Amino acid sequence: MAMLEIRGIRKKFDTLDVLNGVDLSVERGDVVAILGPSGSGKTTLLRCINYLETADEGEMIFDNESYDLANASAQKMMELRKKTGFVFQNYNLFFNKTALQNVTIGLTVGRKIPKEEAEETGRKMLEKVGMGDRCDYYPSQLSGGQQQRVAIARALASNPEIIYFDEPTSALDPELIGEVLAVMRQLAKEGRTMIVVTHEMSFARDVSNKVIFMENGVIVEQGSSAEFFEHPKKERTREFLRMEDNRTGE
């Protein structure tokens, strides 16, 4: 039995079909890279399965528990989010709070964990992402890469069963991308279950064990990373990979 199964998820914005019947299965320890051109539905998929958007249709099975993606109570949403972490493209940090406060606020406010215990966890997580010496810095004092590493520490602090990453490096200057990817590579080595929407082909090829290619709200092709990159089955996939190779000069 898969850890996470998504069945028949659909989402429209006005008349545009953004997700058009997507099915997905994730095993514990998987690192799934979701690739595809802009507007293919990748981010909407992530947001729907964490109840940041409401799907029009769809069911999710998480740890043998069923979740209706179109109709869920606040209690069900909260129950699900306690099992997940989410890393946003633009960090989503509170600018009036320090790095440590950004990491601990979800623990103290959301989970009612005592401040001292939350701070101990927060410091450990910041240390883990190489930000242990920046606990008292505010976001405005940190580079984009450092802010994103604080956001990853925040996602890790609640010890989630799965972490969703939405284009975690796309807002970064090229020289800062490596420091964020290095943290994600380490998490993959530790066996963290992750779904990563990304344009970073090297990460998808070298770190993920499954790749999904989306376009126009559907999954065009999916498979193991090795199979996907070495023997893509669909012509549209081959065309996408050629374009990416040209873009990155590989």
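Up top is the structure.
As the structure is a prediction and not an experimental result, all values here were calculated from the model.

*Asks:* What's the story with the overall build of the protein chain in this structure? I'm lost.
*Replies:* Within the protein chain, the regular secondary structure consists of 9 helices and 10 strands. For the protein chain, whose C-alpha radius of gyration is 18 Å, the value lies close to the compact-globule estimate of 18 Å for 250 residues. Considering only C-alpha atoms, the protein chain reaches an extent of 55 × 45 × 35 Å along its principal axes. In the protein chain, which comprises 250 residues, the proportion classed as buried is 49%. Across the protein chain, contacts joining residues at least 24 apart in sequence account for 64% of those joining residues at least 6 apart. On the protein chain, roughly 11700 Å² of surface is accessible, and the fraction owed to carbon and sulfur atoms is 46%. Here the protein chain carries 32 positive and 39 negative side-chain charges, and the mean point of each set is 3 Å from the other.

*Asks:* For this particular structure, what's the right way to read the pattern of salt bridges?
*Replies:* If charged atoms from side chains of opposite charge come close, those side chains can pair. Summed over the entire model, instances satisfying the criterion amount to 18 salt bridges. Its salt-bridge partner being Asp-63, residue Arg-28 comes within 3.0 Å of it at the nearest N-O pair. Of this pair, Arg-28 sits in the loop between strand E2 (16-26) and strand E3 (31-35) while Asp-63 sits in the loop between strand E4 (57-62) and strand E5 (65-68), placing them 35 residues apart in sequence. On the basis of relative accessibility, which here comes to 53%, the residue Arg-28 falls in the exposed class. Judged by relative accessible area, which is 27%, Asp-63 ranks as partly exposed. Note that Glu-65 is salt-bridged to Lys-76, the shortest N-O span being 2.7 Å. Linking Glu-65 in strand E5 with Lys-76 in helix H2 (residues 74-81), this pair joins segments that are 11 residues apart in sequence. Here the salt bridges do not stand alone but share partners, grouping Glu-5, Arg-7 and Glu-59 into one network.

*Asks:* Would you explain the sheet that holds E4 in this entry?
*Replies:* Strand pairs in the sheet, formed through backbone hydrogen bonds, run parallel or antiparallel to each other. Ordered by their spatial adjacency, 4 strands build an open sheet running E2-E1-E4-E5, and the pairing between neighbours is antiparallel. Since the sheet does not close on itself, it has two edges, and those belong to E2 and E5, each with one partner. For this sheet the average axis-to-axis angle between neighbouring strands, irrespective of direction, equals 20°. Helix H1 (residues 42-49) rests against strand E1 (4-13), E2 and E4 of the sheet, and its axis sits at about 115° to E1. Lying on the sheet, H2 is in contact with E4 and E5; it crosses E5 at an angle near 125°.

*Asks:* Before we go on, may I ask you to explain the environment of Asp-68 in this structure?
*Replies:* You can see Asp-68 is positioned in strand E5. Of note is the side chain of Asp-68, whose polar atom sits 2.9 Å from the backbone nitrogen of Ala-70.

*Asks:* Just to check I follow, could you spell out the pairing of strand E10 (residues 218-224) for this structure?
*Replies:* Regular strands show a simple pattern: their side chains alternate between the two faces of the sheet. With 6 bridges joining them, strand E9 (residues 210-215) and E10 adopt antiparallel strand pairing. Residue pairing across strands places Met-214 opposite Ile-219, the latter belonging to E10. Following E9, the chain reverses through 2 residues before pairing antiparallel with E10; Asn-216 in that reversal takes a positive phi of roughly 55°.

*Asks:* Teacher, can you tell me more about the pairing of E9 here?
*Replies:* The element E9 is largely enclosed, with a buried count of 5 among its 6 residues. Sheet topology note: the E3/E9 ladder contains 4 bridges and is parallel. Residue pairing across strands places Ala-33 opposite Val-211, the latter belonging to E9.

*Asks:* Would you take a moment to explain the nonpolar core for this structure?
*Replies:* Here is a general trend for soluble globular proteins: nonpolar side chains tend to be buried in one another's company. Among the nonpolar cores identified, the biggest contains 37 residues, and Leu-126, Val-150, Ile-152, Phe-165 and Met-184 are the most heavily contacted of them. Listed by contribution, the elements that provide at least two residues to this core are helix H3 (99-110), helix H4 (115-128), helix H5 (144-157), strand E7 (162-166), helix H6 (174-189) and strand E8 (193-197). By size, the runner-up hydrophobic cluster in this structure holds 29 residues, among which are Met-60, Phe-62, Leu-69 and Ile-195.

About the criteria used
Residues numbered from 1 in each chain as written. Predicted model: local features only at pLDDT ≥ 70, side-chain atom pairs only at ≥ 80, totals over all residues. Heavy atoms only, no water. Helix = DSSP H or I, 4+ residues; strand = E, 2+ residues; numbered from the N terminus. Rg over C-alpha atoms; globule rule 2.2 N^0.38 Å. Buried < 20%, exposed > 50% of the residue type's maximum accessible area, 1.4 Å probe, protein only. Contact = heavy atoms within 4.5 Å. Areas by Shrake-Rupley, 256 points an atom, 1.4 Å probe, with all protein chains shown as cover. Lys, Arg positive; Asp, Glu negative; His and termini not counted. Charge placed at Lys NZ, Arg CZ, Asp CG, Glu CD. Salt bridge = Lys/Arg side-chain N within 4 Å of Asp/Glu carboxyl O. Pairing = 2+ DSSP bridges. Axes fitted to C-alpha atoms, helices over the stretch in contact; angles between N-to-C directions. Polar contact = N/O pair within 3.5 Å; in protein donor to acceptor, adjacent residues only side chain to side chain. Core = buried A, V, L, I, M, F, W, Y, C linked by side-chain atoms within 4.5 Å.

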